[in-house]
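# Close look at the chain arrangement
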Amino acid sequence: MKQMLEDRRYNHELADIFHRMSACYKYLGPQQRFRAIAYETASRIIDGLKDDLSMYPCDVKSLDKLSGIGESIAEKIVEYLKTGKITAYEQLKNKVPEGLLEMMDIAGFGPATVKIIYDKFGLTNKEEVIDAIEAGKLKGVRGFGLKKIENLMRGWKLYKQGQERMLLSEALEVGNELLSKIRKIEGIDKAELAGSLRRRKETIGDVDIVACAKRKDWKKISNKILKLTQVGRVLASGETKASFLLKDSRTQVDIRLVNEDEYGSALMYFTGSKEHNVKLRTWSKSKGWKLSEYGVFDAKTDKRLAGRTEEEIYKWFHMQYIPPELREEKGEIELSREYKLPKLVELDDIRGDLHMHSKWSDGAEEIETIAQFILKEFTRYEYIIITDHSPTERVAGGLQPEDFKKQFLEIDRINKKLGKNFIKKGVEVDILLDGSLDLNDDVLKQFDWVIASIHTGFNRDNTERLVKACQHPSVNCIGHPSGRLIGKREPYSIDFKILFKKLAETGTAIEINSQPDRLDLKDDFVKEAVEHGVTITISTDAHMLSQFAFMELGVSVARRGWCTQKHILNTQSWHSIETFKEYKAGFAAKESSTINH
Ligand code: DGT
Ligand code: CA
Ligand code: CA
Ligand code: ZN
């Protein structure tokens, strides 16, 4: 049988090459802008494909049919599948400083900056560049003022942090793949993800797995694990523990083998968080018990009291089960002792997706294809809202008012064909620099759902812009509120207290955007928003079909933010969403009447 990681090889390699080709074109200047965009799109699409390209028919005509892949790029794919290289890429590499290209992924290092660095200083890799900046060698060069240098160093720091930790989505993918293989090894009774991955933190340092088997089999099992195709360099291999790096990546994996009667306590210990563990252990000590990774024991007699499962331990402690997402030492232990933990929202509670893009703006698919896909793959969904971009988003194919009119007709046509009002008419409207919106009120009124988002002006405090958007009578939700891209762009500054108050007062919702590098609003702020009475939405912002699965990530952010089903708007029927909108409309009417009198 062919192994999963090997099956996926072509997609990752090709996505990577197309990303580099896009970088080459970016470097070569504005006249190559469209090529740069086309290759970046192709890279994203290939990375998001469910099946490996090697499973597709290897000819230009079939590949050309993939949305977002044009004929010229299809040719490159065929060439790569057949020969293992792309001639155009080999030629392009000669025209650019290859070692500097990846710097353009770092905030602040645009093509113009990188070009100056290369032309003026002849630096050829990023370490040299950073050394030069730190040594003050770029000072005084035109275009490298104090502010610019600061900016570059901030971008670099963020980039380095991003390299050290993985995004949750990547870690889940490799973690689950490994887990399913480990569970199949003979002698393994049970196995589970542990660590920050089980707690679903937004970034993951390393992957932890706890597995249970009879002691006599440990050595055999350990050897089998280290022979899995995913395993690269082995860092440690004892009887009870195996640590290794994944092949082709810096990701570390720690696997522990434990006995059946200590599986629960080991899982609990290695799930963490460390702070949670310390607190729980201290508390149990005060009760005369000893809690460790090996079990719960009587402190005096050392008699084993519990440890086979986590449930058994909580039961012994007279505590409510604490979901891993809450184990962060934020009051969960106290509440669990009173059986007062919230019943967290679940993926199955979600009844619709409120943010997505179609081919009309920068999405990859036609609206009809999206609807058919959702009806087949997400059978619980009762509605979806198409929210393409407004005019200002030129690069993202923002629509003009007359385009939206045409889009409405198209949506009506498809809904009629489906026999139900499944697709709703929405928009992601830009919040302009002064806080006004990119479409006028008459246009905005016609949508079923309006998300207002910031896509410009990231280097300032944006509280006022967002507050103004909340006050707009047609705005139902604020999209990706902090603007951050994990590992790439810091959030802009916002006074969340002011924003949350305004959201609650005006009946405007706030989004948890489920894109893996956004996860924005983030967990801690979600908790705070809910405490202020703000309504939350969880949306994918999908630009292609594979991204609808990101909903799971958004739900885990909501769970880490202590949300129950009732805090999340899209766990409700469309009828309830209409009711939510009425509150806003009522608020807006009241406001305008107080202004008029
Ligand atoms: P990460 O990998 O940085 O994303 O975060 P974690 O939480 O997965 O941390 P990791 O991999 O170092 O350790 C896994 C778990 O093991 C951690 O959540 C709690 C437990 N643990 C590790 N070191 C200690 C420790 O010194 N004391 C206690 N009480 N628990 C620890
Ligand atoms: Ca870990
Ligand atoms: Ca670890
Ligand atoms: Zn969007």
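## Some points on the packing of helix α9 (residues 126-134) against helix α10 (residues 146-164)
Running from amino to carboxyl end, α9 crosses α10 at an angle of 135 degrees, the nearest separation of the two axes being 11 Å. In terms of their interaxial angle, α9 and α10 are classed as oblique. Between α9 and α10 the crossing geometry is left-handed. Within the contact between the two elements, α9 uses K126, I130, I133 and E134 and α10 uses I149, L152, M153, W156 and Y159.

## Re the sheet that holds strand β9 (residues 295-298)
Ordered by their spatial adjacency, 3 strands build an open sheet running β8-β9-β10, and the pairing between neighbours is antiparallel. Of all the strands in the sheet, just β8 (289-292) and β10 (304-306) have a single pairing partner and so form its edges. Taken over all neighbouring pairs, the strand axes of this sheet differ in orientation by 35 degrees on average, direction set aside. Judged from the 2 bridges that link them, β9 and β10 form a sheet pairing that is antiparallel. Bridge pairing in β10 links F297 to R304.

## A look at the coordination of the calcium ion (ligand 2)
Distances from the calcium ion (ligand 2) to its protein donors, D206 (O), D206 (OD) and D208 (OD), fall at 2.2 to 2.6 Å. Seen from the calcium ion (ligand 2), its 6 donor atoms lie at angles of 69 to 164 degrees, and the figure they make is irregular. Between the two metals, the calcium ion (ligand 2) and the calcium ion (ligand 3), the spacing is 3.7 Å, and D206 donates to both.

## Here's the deal with the packing of aromatic side chains
Per the stated rule, a full pass over the model turns up 21 aromatic pairs. Aromatic side chains F373 and F378 sit 6.3 Å apart centroid to centroid with 55 degrees between the ring planes, which places their arrangement in the tilted category. We note that F373, like F378, is buried. Through a chain of ring-to-ring contacts, three or more aromatic side chains come together here, namely W283, W289, W316 and F317. Seen from the ring of F408, K425 lies directly overhead, with NZ or CZ sitting 5.4 Å from the centre. Of note, R489 hangs over the ring of F458, and the distance from its end group to the ring centre comes to 3.8 Å.

## Observations regarding the site of ligand 1
Every one of the 16 residues lining ligand 1 counts as a neighbour, but R165, S196, G205, D206 and D208 are closest to it. Measuring from an oxygen atom of ligand 1, one finds a side-chain N or O atom of R199 at 3.0 Å. Contacts to ligand 1 include D208, whose side-chain N or O atom sits 3.0 Å from an oxygen atom. Burial of ligand 1 by the protein amounts to 71% of the accessible area it has alone, namely 590 Å². Where the shell around ligand 1 is concerned, the elements lending two or more residues are α12 (195-198), α14 (263-271) and α15 (274-286). Of the residues in the shell around ligand 1, the class split is 3 nonpolar, 7 polar and 6 charged. Both domain 2 (165-258) and domain 3 (269-341) contribute no fewer than three residues apiece to the shell around ligand 1.

## Comments concerning the coordination of the zinc ion (ligand 4)
Donor atoms from the polypeptide that bind the zinc ion (ligand 4) are H355 (NE2), H357 (NE2), E428 (OE) and D541 (OD), placed at 2.1 to 2.5 Å. Coordination geometry of the zinc ion (ligand 4): the 4 donor atoms subtend angles of 79 to 169 degrees at the metal centre, consistent with an arrangement described as irregular. As a motif over one chain, the donors of the zinc ion (ligand 4) read H-x1-H-x70-E-x112-D. Here H355, found in the loop between β11 (352-353) and α18 (367-377), pairs with E428, found in strand β13 (residues 423-430); they are 73 residues apart in sequence, far enough to count as distant. Take H355: its relative accessible area is 0%, and that puts it in the buried class. By relative accessible area, which is 0% here, E428 ends up buried.

## Re unusual backbone geometry
Cis geometry is adopted by the peptide bond preceding S273, which originates at G272 and carries an omega value of -5 degrees. Omega for the bond connecting D520 with L521 falls within 30 degrees of zero, at 15 degrees, which places this linkage in the cis form. Note that L521 resides in the loop between β16 (509-513) and α23 (523-531). Residue D302 is not a glycine yet carries a positive backbone phi of 65 degrees. Mapped onto the fold, D302 is located in the loop between β9 and β10.

## Looking at the environment of S361
For S361, the position within the fold is in the loop between β11 and α18. Since its relative accessible area comes to 11%, S361 is described here as buried. Once the C-alpha coordinates of S361 and E393 are considered, the two residues, 32 residues apart in sequence, prove to be 9.0 Å apart. Within the structure, S361 has its side chain in polar contact with the side chain of D388 (distance 2.6 Å).

## So, the pattern of salt bridges
Evaluated as defined, the whole model comprises 38 salt bridges. Taken together, the salt bridges that share partners define one network made up of R199, E202, E328, R484, K522, D523 and R560.

## Examining the sheet that holds strand β17 (residues 536-539)
On the basis of which strands lie adjacent, the open sheet formed by 7 strands has the order β11-β12-β13-β14-β15-β16-β17 and parallel pairing. The open sheet has two free edges, formed respectively by β11 and β17, since each of these has just one partner strand. For β11 and strand β12 (residues 383-389), the ladder comprises 2 bridges, and the chain directions are parallel. Each residue of the ladder has a partner; that of D353, found in β12, is I384. Contacting β12 and β13, α18 crosses the sheet at an angle of about 150 degrees to β12.

## Observations regarding the domain arrangement of the chain
When the domains of the chain are assigned, the result is domain 1 (5-164), domain 2 (165-258), domain 3 (269-341) and domain 4 (349-570). Placing the centre of domain 2 and that of domain 4 at their C-alpha centroids yields a distance of 36 Å. Every contact between the two is made by 9 residues of domain 2 and, on the other side, 10 residues of domain 4. Between domain 2 and domain 4, the buried area comes to about 830 Å², and carbon and sulfur atoms account for 61% of it. When residues of domain 2 are sorted by the area they lose upon contact with domain 4, L167, R200 and E202 head the list and together hold 56% of the total. Scanning the region where domain 2 abuts domain 4 turns up 2 salt bridges. E202 serves as the salt-bridge partner of K522, at 3.6 Å between the closest nitrogen and oxygen. Between domain 2 and domain 4 we count 2 residue pairs in polar contact (both at pLDDT 80 or more) in total.

Rules used throughout
Residues numbered from 1 in each chain as written. Chains lettered and ligands numbered in written order. Predicted model: local features only at pLDDT ≥ 70, side-chain atom pairs only at ≥ 80, totals over all residues. Heavy atoms only, no water. Axes fitted to C-alpha atoms, helices over the stretch in contact; angles between N-to-C directions. Helix = DSSP H or I, 4+ residues; strand = E, 2+ residues; numbered from the N terminus. Parallel < 35°, antiparallel > 145°, perpendicular 65-115°, else oblique. Left-handed = near helix turned anticlockwise from the far one by under 90°. Contact = heavy atoms within 4.5 Å. Pairing = 2+ DSSP bridges. Donors = N, O, S within 2.8 Å, 3.2 Å for Na, K, Ca; no water. Tetrahedral: all angles 85-135°; square planar, octahedral: opposite > 155°, others 65-115°. Phe/Tyr/Trp six-rings, centres within 6.5 Å; stacked < 30°, edge-to-face > 60°. Buried < 20%, exposed > 50% of the residue type's maximum accessible area, 1.4 Å probe, protein only. Lys NZ or Arg CZ within 6 Å of the ring centre and 35° of its normal. Near = heavy atom within 4 Å. Polar contact = N/O pair within 3.5 Å; in protein donor to acceptor, adjacent residues only side chain to side chain. Areas by Shrake-Rupley, 256 points an atom, 1.4 Å probe, with all protein chains shown as cover. Nonpolar A, V, L, I, M, F, W, Y, C, P; charged D, E, K, R; others polar. Domains from an automatic or database assignment. Salt bridge = Lys/Arg side-chain N within 4 Å of Asp/Glu carboxyl O. Buried area = accessible area lost by both parts, 1.4 Å probe.

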